[in-house]
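# Structural description and commentary
Listed here are the chains, written in short residue letters.
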Amino acid sequence: MSAGYIGRLAPSPTGALHLGNVRTFMVAWLRARSLGGRVILRIEDLDHPRDKPGAAAQAVEDLRWLGFDWDEECVQSGRLDLYRDAVRRLHEAGLAYPCVCSRRDVESAQSAPHAGEQLFYPGTCRGRFRTWTEAQAAKGSAPCWRFRVGDDAVVAFEDAFAGHYEADVARTLGDFPLARDEGGAGYTLAVVVDDLEMGVTEVVRGDDLLVATPAQILVARALGAKRELGYCHVPLVVGPDGLRLAKRHGDTRVAAYRGRGVSARRIVGFLAASCGWCEQGEEVSLADLVPRFALATIPRRPFAVAEPGAVTRIMV
Ligand code: GLU
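Given the structure is predicted, the values throughout are model-derived calculations rather than measurements. (Residues numbered from 1 in each chain as written. Predicted model: local features only at pLDDT ≥ 70, side-chain atom pairs only at ≥ 80, totals over all residues. Heavy atoms only, no water.)

### Notes on the sheet that holds strand β2 (residues 38–43)
Hydrogen bonds between backbone atoms are what pair the strands of a sheet, whose relative direction is either parallel or antiparallel. Taken in spatial order, the three strands line up as β1-β2-β3 in an open sheet, and their pairing is parallel. Two strands lie at the open edges of the sheet, namely β1 (6–9) and β3 (72–75), each paired on one side alone. Recorded for the sheet is a direction-independent mean angle of 25° between the axes of neighbouring strands. For β1 and β2, the ladder comprises four bridges, and the chain directions are parallel. Its bridge partner lying in β2, Arg8 is registered against Ile40. Relative to the sheet, helix α1 (residues 19–34) contacts β1 and β2, its axis offset from that of β2 by approximately 150°. (Pairing = 2+ DSSP bridges. Helix = DSSP H or I, 4+ residues; strand = E, 2+ residues; numbered from the N terminus. Axes fitted to C-alpha atoms, helices over the stretch in contact; angles between N-to-C directions. Contact = heavy atoms within 4.5 Å.)

This is the structure we're talking about:
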């Protein structure tokens, strides 16, 4: 990793930015900046039913207010031609096929599959239809596109934080979905196409997406990636129940703290302390943290916010 480093922040506008997203974005941003690298902000707005109007603009505003900056910005919904072209190339190479199976399988193509949510698909539609139009006629509605996983598709990689990881994609996931319909794109396809096209060198994100990575590596290879991306999956912020921070744990939205007069330096300091980069209670800016950043001091366990209401009291 060096000055050629290109990282990205990839918020999904499915809800407001909260302490959990911010901590992960801090790691991603500081990792890039501490290596003299570039940062791309990519709004991942392909999850239509779950996307909230105004959430993307709010995320950008919250990130700027917290002190994040970036060198490039893009929105996935403006890049559908690229995803469509990737599917066409994969289909021509015999690595993607149309599938008429159930709605549930199709839905899973649309969201980032968080830990434990993977569906196995046994390849029922492999070799059944020559074209998407043929599958559409058989189904009477839009089929989805699936990736054809090789029979011995064991993928292994060294994660910069999580260490060695491997998965037998053929046995655990099977032929996973690429796109919900002819011109759309699911999470896996879109992130891979974008990371390759934008020259991203390392993906830093929450470790709930570790499980999604082997499929992404297979798609990248199938699209002719000349080099393997680096990965760095960091532990999430969780609530008292051990589940990742969500609305039910109380209001930890950046906008809510800001509305109560909590400063950006206080929020950044609170999360930086949880990563070992400053003392608890210290107020720091993101820029202050660049020389202090280290992956090694981040605890290996999730950061448990025992009582989110108490966090609010600490910060106000
Ligand atoms: N947009 C995805 C999410 O918010 C993250 C995707 C990624 O980092 O690859 O879950």
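### Examining the packing of α1 against helix α10 (residues 264–274)
At their nearest, the axes of α1 and α10 sit 10 Å apart, and the two run at 70° to each other. As far as their axial angle goes, α10 and α1 are roughly perpendicular. You can see that α1 and α10 cross each other, and the crossing is right-handed. The segment α1 lies against α10, with Leu19, Val22, Arg23 and Met26 engaging Ile267, Val268, Phe270, Leu271, Ala272 and Ser274. (Parallel < 35°, antiparallel > 145°, perpendicular 65-115°, else oblique. Left-handed = near helix turned anticlockwise from the far one by under 90°.)

### Focus: the packing of helix α3 (residues 80–92) against helix α7 (residues 187–197)
In the contact formed by α3 and α7, the axes pass within 10 Å of each other and the chain directions differ by 100°. Taken together, α3 and α7 sit at an angle that is classed as roughly perpendicular. Contact with α3, carried on its side by Leu82, Tyr83, Ala86, Val87 and Leu90, involves Leu189, Ala190, Val193, Asp194 and Glu197 of α7 and no other residues of that element. Among the residues forming the contact of α3 with α7, the class breakdown is eight nonpolar, no polar and two charged. (Nonpolar A, V, L, I, M, F, W, Y, C, P; charged D, E, K, R; others polar.)

### Quick notes on the sheet that holds strand β8 (residues 177–179)
Taken in spatial order, the three strands make up an open sheet running β4-β5-β8, and their pairing is antiparallel. Each edge of the sheet is formed by a strand with only one pairing partner; in this case those strands are β4 (96–99) and β8. Geometrically, the sheet is characterised by an average inter-axis angle of 45° between neighbouring strands, direction not taken into account. With two bridges joining them, strand β5 (residues 144–147) and β8 adopt antiparallel strand pairing. From the neighbouring strand, Arg146 faces β8, where its bridge partner is Pro177.

### Focus on the packing of aromatic side chains
With the rule as written, the count across this model stands at six aromatic pairs. Ring geometry for Phe157 versus Tyr165: centroids 5.6 Å apart, planes at 50°, classification tilted. For Phe157, a relative accessible area of 8% corresponds to the buried category. The exposure class assigned to Tyr165 is partly exposed, which follows from its relative accessible area of 22%. Note on Phe157 and Tyr231: the rings are 5.5 Å apart at their centroids and 55° apart in plane angle, and the pair reads as tilted. On the criterion of sequence distance, the pair formed by Phe157 in strand β6 (residues 154–159) and Tyr231 in strand β10 (residues 230–234) is long-range, its members being 74 residues apart. By relative accessible area, which is 6% here, Tyr231 ends up buried. Site record: aromatic cluster; members linked through ring pairs are Phe157, Tyr165 and Tyr231. Cation over ring: Arg146 sits above Tyr121, and NZ or CZ is 3.6 Å from the ring centre. (Phe/Tyr/Trp six-rings, centres within 6.5 Å; stacked < 30°, edge-to-face > 60°. Buried < 20%, exposed > 50% of the residue type's maximum accessible area, 1.4 Å probe, protein only. Lys NZ or Arg CZ within 6 Å of the ring centre and 35° of its normal.)

### Remarks on the side chain of His18
Within the secondary structure layout, His18 lies in the loop between β1 and α1. Ignoring anything within four residues of it in the chain, the contact list for His18 reads Leu245, Thr252, Arg253 and Val254.

### Description of the state of the cysteines
Applying the stated criterion across every chain, the model contains zero disulfides. Cysteine Cys101 remains unbridged, with the sulfur of Cys125 as its closest cysteine sulfur at 3.7 Å. Classification of Cys101 by relative accessible area gives buried; the value is 16%. On the accessibility criterion, Cys125 (1% relative accessible area) is buried. (Disulfide = S-S within 2.5 Å.)

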